[in-house]
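Listed below, chain by chain, are the residues.
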Amino acid sequence: LTSSLWRSLLQASYSCAMISAAKLFFFSAVIAAPAPWCVSGGAGSLRASAVQPQSSVHSADVHLALQTVMRDGVLRGDVVDVRLETIKQALQPIFAAAPKTRSGNLDRATTRYVAHRYFEHKYGIYVRGLALDYDSMKISLPMELSMDQLPSYLQHLLQQKVQDGLSLKILAAFVAILEHFIREDAVESLTSSYLVAGVQPTSEVGVEKLDKIMDIYTLRALSGTKYNRLETTPSAFPSWPSLRRFTRNVQAEILEQKFGSEPSVDSRVTFTAAQAIIAAIMERFGSAWDSDCRSMAQDMAQLDPEGIGRVQLADFYGLGVHFNETARYLLDQGVAEEYDVGSGGSEGVRVVIPNYLQDRSKCMDSTAAVTFCCRNQCEDLLQHLERSVAAPIASPDVILELLAPLPSSSVSVSRHSPESLRRQLQEIAQAHSGQVPLHGRHFARFMHHAYPRECPDPALSGSATPMVEEDWKLATGDSTAITEAVQAEDIEADVVSLAQQEHSNLFAPCAGTNRCTEPQNWAEELSEHQEKRSEAGRFRIVLRSAAMILASLSLVASILEGTWPGTGKVYAGKVGDVLKRGAISSEGIFA
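Residues numbered from 1 in each chain as written. Predicted model: local features only at pLDDT ≥ 70, side-chain atom pairs only at ≥ 80, totals over all residues. Heavy atoms only, no water.

Asker: How should the overall build of the protein chain be read in this particular structure?
Answerer: If you tally the helices and strands in the protein chain, you get 21 helices and eleven strands. For the protein chain, the accessible surface area stands at approximately 24500 Å², while carbon and sulfur atoms represent 52% of it. (Helix = DSSP H or I, 4+ residues; strand = E, 2+ residues; numbered from the N terminus. Areas by Shrake-Rupley, 256 points an atom, 1.4 Å probe, with all protein chains shown as cover.)

This is the structure:
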């Protein structure tokens, strides 16, 4: 076949295969909550579209970035430099506490787990692809990678050179390269927004024109689509003014720093200044988003007087029109549970607060590289333990001693640990030579019982089949949003079940004979939740793999012609230099 035919096939298959970006589940289910910047549509009318603009990075650029960061210790950007030593210092506490191989390094799963926690804690973002492990990705030819393929490709590239896992330095390089390309992806989106506004990125613009460009950028990030007629979009986003106000405030602050005072109507803004605004938004948006998540958590906590991290279904629907997911959807997502309500054997449904806050369907799909979600409130508690223990295991007495003075938003300081929690830790330790693994599912469940409003219940997440709304609708044929009639029936049934309850112990998450007793399957696993996909999700992976093969074949044909696929241009620039002299040698850079 001719190279032009291969390119035609590539374009057709690639456009289909890359429609949906990879979804992320980790440690606990991916978190989200309704901020005032959410859009209409879907369960709760709280999430943005899952369809993202296509974004990719060339594998040769990944090789070059790896060589550069290992040699120079920095990846330079127009506005922000990503420094290896800074990331190493941030990663050191969790690296010290993470489970390791016999050589003292991190395996594949733990590497992705630690990287996820770095980005979630620092920026409040979830990196697409960190939950997916393309272990079979052995293609060595230069190719275009989608952003969700980048983590696995980079990990495979690193482990070709270091067979016994990643050291702290190599882990820091892994994270630095991901952060670098996340920032590059944001710059690419900004460039597209300039072009949609009819402006070349090389041009300086006035403040009024910059306002329009930033509106386009924000709407594209919020919606996940390439809007080019701004006047038709705000009506689709009921809380658009709040998000616009946030970006305007950041923009005004950055421009004032650039000009030394508030810019005038005659001020001219460079593309570099616009990049600085985008960088500031990325670093601050997670905190701004999380403040609204915390507000919702407080509203739900008011309906949880027992302090068990659970809200009755009838009370949940009473929170407002956005809390409208069906009981079936909530149960399937692992954010609600059924429980016995009395001697009659009937069951009720209650929503588990931390699991609901981390429901993937409410995250904001900001770019092709990242998703903004609520911060995992259990993360701060776990980091306190990790800094203090500096090891992947600890004795029950040490854990209880460290947790006793550790308060949370719902647990007071200097509390006395209930006997049920002590017994639970001791049972875990008995199965592990007297020590408790800090990153296993059993300890995660202990943390949920100790901090029921902050730490998710892994028992629910592990038994559920979490999906984004589109996949769930396709798999079940049902709507995620409840109708008024069904909602009334569910509320009535919930009220009836409440009347059957004896309020003394039935509410408690550790009530009964074995609520806090772990099942006797003591095989530990890293507390990492791979998202389970519907058949439609699996089909998209097949398409993506086919697109990768076609991309490689197209590139081979283009190399023979001396041109880039689909452009007719001769190789030029840093990638062209790499291809002309062959694959980059990494010998010596891992010393």
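After that view, the rundown keeps rolling.
Asker: Looking at this structure, how should I read the pattern of salt bridges?
Answerer: Close approach of charged atoms lets side chains of opposite charge pair. Within the structure shown, the criterion is met by 20 salt bridges. One salt bridge connects E379 with R117, and the closest N-O pair in it is separated by 3.0 Å. Pair noted here: E379 is in helix 13 (residues 378–389) and R117 is in helix 4 (residues 108–123), with a separation of 262 residues, a long-range link. Residue E379 shares its accessibility class with R117, and that shared class is buried. In this structure, R248 and D215 form a salt bridge, with 3.1 Å as the shortest nitrogen-oxygen distance. Pair noted here: R248 is in helix 8 (residues 240–259) and D215 is in helix 7 (residues 207–223), with a separation of 33 residues, a long-range link. Here R248 falls in the partly exposed class, since its relative accessible area comes to 23%. Looking at D215, the relative accessible area reads 3%, which means it is buried. (Salt bridge = Lys/Arg side-chain N within 4 Å of Asp/Glu carboxyl O. Buried < 20%, exposed > 50% of the residue type's maximum accessible area, 1.4 Å probe, protein only.)

Asker: It is not clear to me how the side chain of Q377 should be interpreted in this structure. Could you clarify?
Answerer: For Q377, the position within the fold is in the loop between strand 9 (370–372) and helix 13. Reaching out from Q377, the side chain makes a polar contact with the side chain of R294 at a distance of 2.9 Å. Setting aside residues no more than four positions away along its own chain, Q377 makes contact with D290, R294 and E454. (Polar contact = N/O pair within 3.5 Å; in protein donor to acceptor, adjacent residues only side chain to side chain. Contact = heavy atoms within 4.5 Å.)

Asker: What exactly am I supposed to notice about helix 3 (residues 84–97) here?
Answerer: For an α-helix, 3.6 residues make a turn, and residues three or four places apart therefore share a direction. Along its 14 residues, helix 3 runs 20 Å from first to last C-alpha, staying within 8% of the 20 Å computed at 1.5 Å per residue. Of all the bends in helix 3, the largest measures some 45° and sits at L91, one to four residues before the proline P93. Among the residues of helix 3, those classed as buried are L84, I87, L91, I94, F95 and A97. As for helix 3, its buried residues are in contact with helix 2 (59–72), strand 3 (82–83), helix 4, helix 6 (168–196) and helix 13. (Expected span 1.5 Å × (residues − 1). Bend = angle between axes of the 7 residues up to and from the residue.)

Asker: Could you clarify how one ought to interpret the state of the cysteines in this entry?
Answerer: Working definition of a disulfide: a covalent bond connecting the sulfur atoms of two cysteines. Per the stated rule, a full pass over the model turns up two disulfides. Each sulfur of the disulfide joining C293 and C374 lies 1.9 Å from the other. Disulfide C293-C374: the torsion about the S-S bond is -80°, which places it as left-handed. Highlighted residues: C293 in helix 9 (residues 271–301) and C374 in the loop between strand 9 and helix 13, separated in sequence by 81 residues. (Disulfide = S-S within 2.5 Å.)

Asker: Mind showing me how you'd approach the packing of aromatic side chains here?
Answerer: Any aromatic ring pair is given by two values, namely how distant the centres are and how the planes are angled relative to each other. Summed over the entire model, instances satisfying the criterion amount to nine aromatic pairs. When the ring of F285 is compared with that of F372, the centres are 4.6 Å apart and the planes differ by 75°; the resulting orientation is edge-to-face. Note that F285 is positioned in helix 9 and F372 in strand 9, a separation of 87 residues in sequence. Across the pair, exposure class does not vary: F285 and F372 are buried alike. Measuring from centroid to centroid gives 6.2 Å for F323 and Y356, while their planes differ by 25°, and the two rings are stacked. Within this pair, whereas F323 is found in the loop between helix 10 (313–317) and helix 11 (327–332), its partner Y356 is found in helix 12 (residues 353–357), the two being separated by 33 residues in sequence. (Phe/Tyr/Trp six-rings, centres within 6.5 Å; stacked < 30°, edge-to-face > 60°.)

Asker: When you look at the nonpolar core in this model, what are you seeing that I'm missing?
Answerer: Across soluble globular proteins, you tend to see nonpolar side chains buried next to one another. If you look at the biggest cluster of nonpolar residues, it comprises 110 residues, and the most contacted ones within it are L91, F119, F443, F446 and M447. The leading source of residues in this core is helix 6, at 15 residues. Leaving out residues up to four positions away in the same chain, F119 has contacts with G124, I125, V127, L130, V175, L178, E179 and I182. Ranked by size, the runner-up nonpolar core spans 18 residues in total, among them A297, A327, V335 and I482. (Core = buried A, V, L, I, M, F, W, Y, C linked by side-chain atoms within 4.5 Å.)

Asker: Teacher, can you tell me more about the packing of helix 13 against helix 14 (residues 396–403) here?
Answerer: Angle between the axes and distance between the axes are the two parameters that describe a pair of packed helices. Relative orientation of the contacting elements helix 13 and helix 14 amounts to 125°, with a least axis distance of 11 Å. Of the possible angle classes, the one that applies to helix 13 and helix 14 is oblique. The handedness of the crossing between helix 13 and helix 14 is right-handed. Listed contacts from helix 14 to H384, L385, S388 and V389 of helix 13 are V398, L402 and L403. Split by residue class, the contact of helix 13 with helix 14 holds five nonpolar, two polar and no charged. (Axes fitted to C-alpha atoms, helices over the stretch in contact; angles between N-to-C directions. Parallel < 35°, antiparallel > 145°, perpendicular 65-115°, else oblique. Left-handed = near helix turned anticlockwise from the far one by under 90°. Nonpolar A, V, L, I, M, F, W, Y, C, P; charged D, E, K, R; others polar.)

Asker: Is there a simple way to think about the confidence of the model for the protein chain in this case?
Answerer: Regions with low pLDDT carry predicted coordinates that are not meant to be interpreted in detail. Summarising the model, the protein chain shows a mean pLDDT of 74, and 65% of its residues fall at 70 or more. Taken as a whole, residues 511–515 scores under 50 in pLDDT and shows seven contacts with residues more than four places along the chain or in a different chain. Counted against residues more than four places away or in other chains, residues 528–542, with its pLDDT under 50, gives 41 contacts. (pLDDT = per-residue confidence, 0-100.)

Asker: I tried to follow the sheet that holds strand 7 (residues 336–340) on my own but got confused; where do I start?
Answerer: In a beta sheet, neighbouring strands are held together by backbone hydrogen bonds and run either parallel or antiparallel to one another. Taken in spatial order, the three strands line up as 6-8-7 in an open sheet, and their pairing is antiparallel. Edge strands, defined here as strands with exactly one partner in the open sheet, are strand 6 (310–312) and strand 7. Mean inter-strand twist for the sheet, computed between neighbouring axes without regard to direction, equals 40°. As paired strands, strand 7 and strand 8 (residues 347–352) are joined by five bridges and run antiparallel to one another. Across the sheet, residue Y339 finds its bridge partner in strand 8, namely G348. (Pairing = 2+ DSSP bridges.)

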